[in-house]
Every structure is written in structure tokens, then in C-alpha cells.
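This is what each chain is made of:
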Amino acid sequence: ERVRSKRPYEVRPKLPALPIVGAREGEWLPTLRAMWRNSTDIRAAVAAGYRFTEACLFPVIDLGTAVVLPPAEVAWFLEQPETKLSAHYHQLDAFQFDYTLTDPQLVRDVKPLHKTLINTKLTREINNLLPLLADEVARSVSEVWRTDTDSFRDLCPMDVLPHVISRVVNRAFVGAPTCYSRALVDNGIAFAQTLGYTSIALRFTPQTLRPVFAPLMTLPGKRATRRFFAALRPEVDRRLHEMRTDAGAASKYNDFLQWTIDAAMDSGDEYQARPRTIMGRVLILNFVSIHTSTFALSHVLFDLAAHSPAYIDELRAEIVGALEAHGGHWTKQTLADMPKLDSAFRESQRMNPVSTMASPMPVTDPNGITTPSGLHLRYGTYVAVLAYPILHDPNLYPDPETFRPFRFADRRETASQQGLKMESARQAWTSVSTTYPAFGMGRHACPGRFFASSSLKITLAYLLMNYDFEKLPERPPSPTIGFSLLPPLKASIRFKRREKPLYVLDKGQD
Ligand code: HEM
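Just so we're clear, the structure is a prediction, and the values are computed from it rather than from any experiment.

Novice: Honestly, the overall build of the chain in this entry has me stumped. Any pointers?
Specialist: On a plain count of helices and strands, the chain comes out with 21 helices and eleven strands. The C-alpha atoms of the chain give a radius of gyration of 23 Å, which matches the 24 Å a tight globule of 510 residues would have. When its C-alpha atoms are laid out on the principal axes, the chain stretches across 65 × 60 × 45 Å. Counting the 510 residues in the chain, one finds 54% classified as buried. For the chain, contacts bridging at least 24 residues in sequence account for 74% of all contacts bridging at least 6.

Here it is, written out as C-alpha cells:
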């Protein structure tokens, strides 16, 4: 009973006797040695795990030992309710939110307010936000990137893109001019970065010692939080004041900050309406968007720069054509008319998902759960599905190691020609399924993917219209940490601003 009252990730359950991926027959300390091997070559390890037709144990340094289910049990895995398998508890554990957030209550609910607002407001407002995002892309790229047109210069995507992405997403989160604040942008990025490192370090610290060491280890994150809040506070106070004095004030703003304030006011709950609560939610949104979006854009830039320049020409022709057809306006329809751009991102993310595993989840039923093949898993056992090998399965994606940017656009076209509307829609970047788990799968699939796909396509379109790239001799390799995959961190691409952009947007959406 004492064990059951602990959170599922705080117990060390007895694991079933299953083959261990990465272990060799007859060796000592097989799990530890397998953990080392799997963590140092995660791609080979997940490929080996994928070959099992039954469940196996998968030790990896940042998750411990998970039970990996075979492809045939993925559908069952996704159907399980929170009371059996919980992505929520995994997130609390993975990001050590009890220590890394100044207010852990913000994520205590299984469905916290920020997720509801992403689904109900952010996604529905994309069409209205697009012109603002396009404006912010042009402004931020011109400020962060080089604008001289005389020669090619090295530019490391992982150095510069977070600043562009942060400005762009914060235009939709807090509006202008607050999103121009250097302190807001820099500390949103710093918070996201330090949370990543600190949560890994905390998970390596024995649980009993975490309360002792956490105050010191989380200092950089707390400093970034304090500074981020200081940059945002005047805007929050101003809006709260305006709402108390002017009944129509709320309708002046259409951003995540305002939706959060509106929801807080509607709830009548004092905690929700506290400036710190409101600002905490904006900071969480910065955390979930900046790095994920930076990774996706970096990957696709490296992929395009390292392959045939004809791909870039084809993308440019499509972008110019769609913009011309829509009078130079960014709308959802303009984006819908760029299937090749969408496909290039989907293909790049197929080859380089953020995680090699989809949604690891601990068992939350105190009595354990039993899989369709009869395997009993105790409370606290981590269960996972291997995402990377699905995305590289030659039966699903012929020639899977080759970057074919228009793979999904071609499939979409073929399906449309055959009148298969659903099949055509399934080729869109944001479409998640058991065969495309790059944004996660099931109930916990990324809710921000519609916003991410729109903002990133606008950003890449701007770069292709305004910059020329020098071809890279080869695609720099993407490093891994534990089961996560990163873009090349230090590699550069050579860029030059074009004297004339290929297309000038209408009404200053340049
Ligand atoms: C290309 C950019 C992005 C990628 C690759 C990405 C990827 C992911 C992945 C793999 C997950 C985990 C899903 C799972 O556990 O099954 C996730 C969850 C999440 N993402 Fe994204 N994401 C991106 C952008 C964004 C943006 C821009 C937002 C916010 C506006 C966002 C908000 C979230 C949230 C709130 C969750 C947690 C969902 C839940 O637990 O139910 N993401 N994302």
C-alpha cells in the first residue's frame, strides 16, 4: 500500500522476464551494459527493438528500462485511459516540473488550461494570426539574420533560429510590442534550454536527494523565469487594469495572453487571475514551442541545403504561385495550396523526429495492467512504442533513408486523382497516426502542431523568397541524447540575402 501511494514514476517495479534489447548472451550486468549500448547508438538500438514481434525490455539512460510493445499492440497502447497508462505522469517526471517550475500547480491537471487554450483558441485563430506571423518573420529575420547582399556567410541555424522562432511565436502569445522585448525573448529561450538540462540532471539525482539539490540546480531556470516575468508583467498589469475599467477591452487583443486572462476572469478563481499564474502559462507555451519548432526548421534547412537545388526551385515556384493566386495574402488557403512545402517538412520530420520513442507512459493502475498478449505489467512500469523505426520502415516509406521532400505531396496527388479524399488528407504534415508518430500519437499527440506547421511554413517560405543557400556537400549528422534526436548543433549553412526577394507580399507583409 505504501508503494502504491507513491507516484508511478517514483517506484521501481519488478519487471517481467523478457529479452533485453542491447544485451549479449551470457554477459554480466546485462541491463546496465545494454543501457550504455542503447544510449550511445539509439538508432541501432530502436531498429533492433523493432525487429521483436513480442514485447521486450529496452534500457536507455534517460528513461530507465521500459517495456517496449510490438507494433501489433500499438493500437491497444493508445486506447488505454489515464487510469491505466499516463502520459501526464511521464511529463511530470521527464521535465521534473515539481522542481523546475516556480509554480508546479500550473501542470497538475491532466488537462491544464494552456492545453485547452491551444485546442480551442490558438488552433482556431490561425487564419487571423497568419498576417501577423508573416510580419514578425520578416521583422525578426531582418534583425537577427544578416541583411547584406554581397556575399555568402556562415550561419548556424541552432544559434540564430531560436531568436526568430521565439519572436514569431510570442507575436501570437503576447502580441506586439511585448514580443520585441529582448529580455522576454532571451529568457524564454534560456528557460526552455535550462529546463531541458536541469530535468536530465535531476533525474540522475537519487529521489531522496532531489529536494536538497534542486534549489541549487534550478537556479538558472528560476533566474530566467524571474526575468521573463519582469519583461511581461507591465503588459499583464496594463491589460488587467484595462479590463477592470473598460468593458470592451478584451476584444482589442487576440493572443494567448488575452485568452488566458479571459479564461481566468470567467473562472472567477483568484488563483487563475493572479499575474504570476497568467505569466506562468505563457512561459510554459514558450517552453513547449521554441525548441521543438527550432529543431524542425533546422532539420529542413539542412535537408534542403544538402540535396538537389532543384528541390528549392520547385518549392519557390509553388510558394510564388500560391501567393500570386491569393493576392499576396497569407491565409489558410494560401498555405493549403503549398502541398510541396508541407511535404518537405513532413519528410524532414519523418527522418528526424524529436524523439525515437512515442509517448512513453508509466502504468498508473495500482493493480497493474495486462497487455493483449497476456503480459502483466506492474504499477510504475514504463511502457513505450518505438517511433523512429516506424518512420524508417521500408514497407511504409520505400527508400526510407533518402530525403524525398515531395514524397507526401506525390501521395496526396495520387490519392486525390483516385478520389480518395481521406487518404489525401492523411498525407498532411499535421496528420498523426500509428504510421506517422513524429508529433506523438493518440490523445497526447502534440496539440500545437497546427500552429507550429503554419508558422514554420511561413518562416521557411520567407527564407526561400529572400535568401540564397550554398549547397552543402553532405547532410551533417543529427546527434542524439538518450532517446531524443537533435539537429546538428554546430554545423552551418552558407546564406546570402537576395538583392530582390522572389515575391513581395501585399500590404507590408514583406
Ligand atoms: C514542430 C514543432 C513541434 C514538434 C515537433 C512537437 C512535438 C511534440 C511531441 C512529440 C509531443 C509529445 C506527444 C506525446 O507525448 O505523445 C508534443 C506534446 C506537446 N506539444 Fe508539441 N511539438 C511542436 C510544437 C508545439 C507548439 C508550437 C506548441 C504550442 C503552441 C506545442 C505544444 C505541445 C503541448 C502542450 C504538448 C503536450 C500534449 C499533451 O500532453 O497532451 N508543441 N509535441
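Novice: It is not clear to me how the coordination of the iron atom of the ligand should be interpreted in this structure. Could you clarify?
Specialist: On the protein, C446 (SG) is the one donor atom to the iron atom of the ligand, at 2.3 Å. Mapping C446 onto the fold places it in the loop between α20 (421-425) and α21 (449-466).

Novice: Teacher, can you tell me more about the site of the ligand here?
Specialist: Neighbouring the ligand are 23 residues, the closest being Q91, K115, S359, H444 and C446. Within the contact set of the ligand, an oxygen atom lies 2.9 Å away from a side-chain nitrogen or oxygen of K115. Here an oxygen atom of the ligand and a side-chain polar atom of S359 are 2.3 Å apart. Tallying contributions element by element places helix α14 (residues 275-306) first for the shell around the ligand, with five residues. Residue composition of the shell around the ligand, grouped by class: 13 nonpolar, nine polar and one charged.

Novice: Any chance you could explain the packing of aromatic side chains here in plain terms?
Specialist: For any pair of aromatic rings, the description consists of the separation of the ring centres together with the inter-plane angle of the planes. Scanning all chains against the criterion turns up 17 aromatic pairs. When the ring of W429 is compared with that of F439, the centres are 5.6 Å apart and the planes differ by 45°; the resulting orientation is tilted. Linking W429 in the loop between α20 and α21 with F439 in the loop between α20 and α21, this pair joins segments that are ten residues apart in sequence. Residue classification places W429 among the buried residues on the basis of a relative accessible area of 0%. By way of ring pairs, the aromatic residues F95, F97, F191 and F287 are connected into one cluster. Lying across the ring of Y253, R239 places its NZ or CZ 4.0 Å from the centre. One Lys or Arg, R346, reaches over the ring of Y436 and ends 3.7 Å from the middle of that ring.

Novice: Please explain the sheet that holds strand β11 (residues 493-497) as it appears in this structure.
Specialist: The pairing of strands in a sheet happens through backbone hydrogen bonds and is either parallel or antiparallel. Taken in spatial order, the three strands line up as β3-β11-β8 in an open sheet, and their pairing is antiparallel. Strands at the two margins of the open sheet, each flanked by one partner only, are β3 (153-155) and β8 (467-469). Looking at each pair of strands side by side, their axes are set apart by 45° on average, direction ignored. As judged from the three bridges shared by β3 and β11, these two strands associate in the antiparallel manner. By the bridge assignment, R153 is partnered in β11 with F495. Against the sheet, α21 touches β8 and β11, its axis set at about 85° to β8.

Novice: Even after reading the chapter, I still don't get the pattern of salt bridges, so can you show me in this structure?
Specialist: A side chain of one charge can pair with a side chain of the opposite charge when the charged atoms of the two come close. Tallying each qualifying case throughout the model produces 31 salt bridges. The salt bridge partner of R7 is D98, with a shortest N-O separation of 2.8 Å. Linking R7 in the segment before α1 (30-40) with D98 in helix α5 (residues 97-100), this pair joins segments that are 91 residues apart in sequence. For R7, a relative accessible area of 23% translates into the label partly exposed. With its nearest N and O atoms 3.1 Å apart, the salt bridge here joins K84 to D365. Taken together, the positions of K84 in the loop between α3 (74-79) and α4 (87-94) and D365 in the loop between β4 (357-362) and β5 (369-370) put the pair 281 residues apart, joining distant regions of the chain.

Novice: Sorry, what's going on with α21 here?
Specialist: Count 3.6 residues to each turn of an α-helix, and residues three or four apart come out pointing the same way. The end-to-end C-alpha separation of α21 is 25 Å, in line with the 26 Å expected for 18 residues at 1.5 Å each. Among the 18 residues that make up α21, 17 are buried, leaving the element largely enclosed by the rest of the structure.

Novice: Honestly, the pairing of strand β1 (residues 56-60) in this entry has me stumped. Any pointers?
Specialist: When you tally the buried positions in β1, you get five out of five residues, the bulk of the element. Covered by surrounding structure in β1 are C56, F58 and V60 together with L57 and P59, the residues of both alternating faces. Sheet topology note: the β1/strand β2 (residues 64-68) ladder contains five bridges and is antiparallel. The partner of V60 across the bridge, within β2, is G64.

Novice: It is not clear to me how unusual backbone geometry should be interpreted in this structure. Could you clarify?
Specialist: Trans is the common state for peptide bonds, and a negative phi is the common state for residues other than glycine. Here the residue pair A176 and P177 is connected by a cis peptide bond, since its omega of 5° sits within 30 degrees of zero. Structurally, the position occupied by P177 is in the loop between α8 (157-173) and α9 (182-204). Even without a glycine there, the phi angle at Q96 is positive, about 45°. Following the sequence through the fold, Q96 ends up in the loop between α4 and α5. By relative accessible area, Q96 is classed as buried at 3%. Positive phi, close to 55°, is recorded for D399, a residue that is not glycine.

Novice: Got a minute to help me understand the environment of E79 in this structure?
Specialist: Examined against the element boundaries, E79 turns out to sit in helix α3. With 363 residues separating them along the chain, E79 and G442 place their C-alpha atoms 7.7 Å apart.

Novice: Would you explain the sheet that holds strand β7 (residues 382-386) in this entry?
Specialist: Here four strands make up an open sheet; going across it, the order is β1-β2-β7-β4 and the pairing mixed. At either end of the open sheet lies a strand with only one pairing partner, and these are β1 and β4. Across the sheet, the mean angle from the axis of one strand to that of its neighbour is 35°, orientation sign disregarded. Seen against the sheet, helix α2 (residues 42-50) touches β1 and β7 and runs at an angle of roughly 170° to β1. Taken strand by strand, α4 contacts β4 and β7, and its axis lies near 95° from that of β4.

The rules we used
- Residues numbered from 1 in each chain as written.
- Predicted model: local features only at pLDDT ≥ 70, side-chain atom pairs only at ≥ 80, totals over all residues.
- Heavy atoms only, no water.
- Helix = DSSP H or I, 4+ residues; strand = E, 2+ residues; numbered from the N terminus.
- Rg over C-alpha atoms; globule rule 2.2 N^0.38 Å.
- Buried < 20%, exposed > 50% of the residue type's maximum accessible area, 1.4 Å probe, protein only.
- Contact = heavy atoms within 4.5 Å.
- Donors = N, O, S within 2.8 Å, 3.2 Å for Na, K, Ca; no water.
- Near = heavy atom within 4 Å.
- Polar contact = N/O pair within 3.5 Å; in protein donor to acceptor, adjacent residues only side chain to side chain.
- Nonpolar A, V, L, I, M, F, W, Y, C, P; charged D, E, K, R; others polar.
- Phe/Tyr/Trp six-rings, centres within 6.5 Å; stacked < 30°, edge-to-face > 60°.
- Lys NZ or Arg CZ within 6 Å of the ring centre and 35° of its normal.
- Pairing = 2+ DSSP bridges.
- Axes fitted to C-alpha atoms, helices over the stretch in contact; angles between N-to-C directions.
- Salt bridge = Lys/Arg side-chain N within 4 Å of Asp/Glu carboxyl O.
- Expected span 1.5 Å × (residues − 1).

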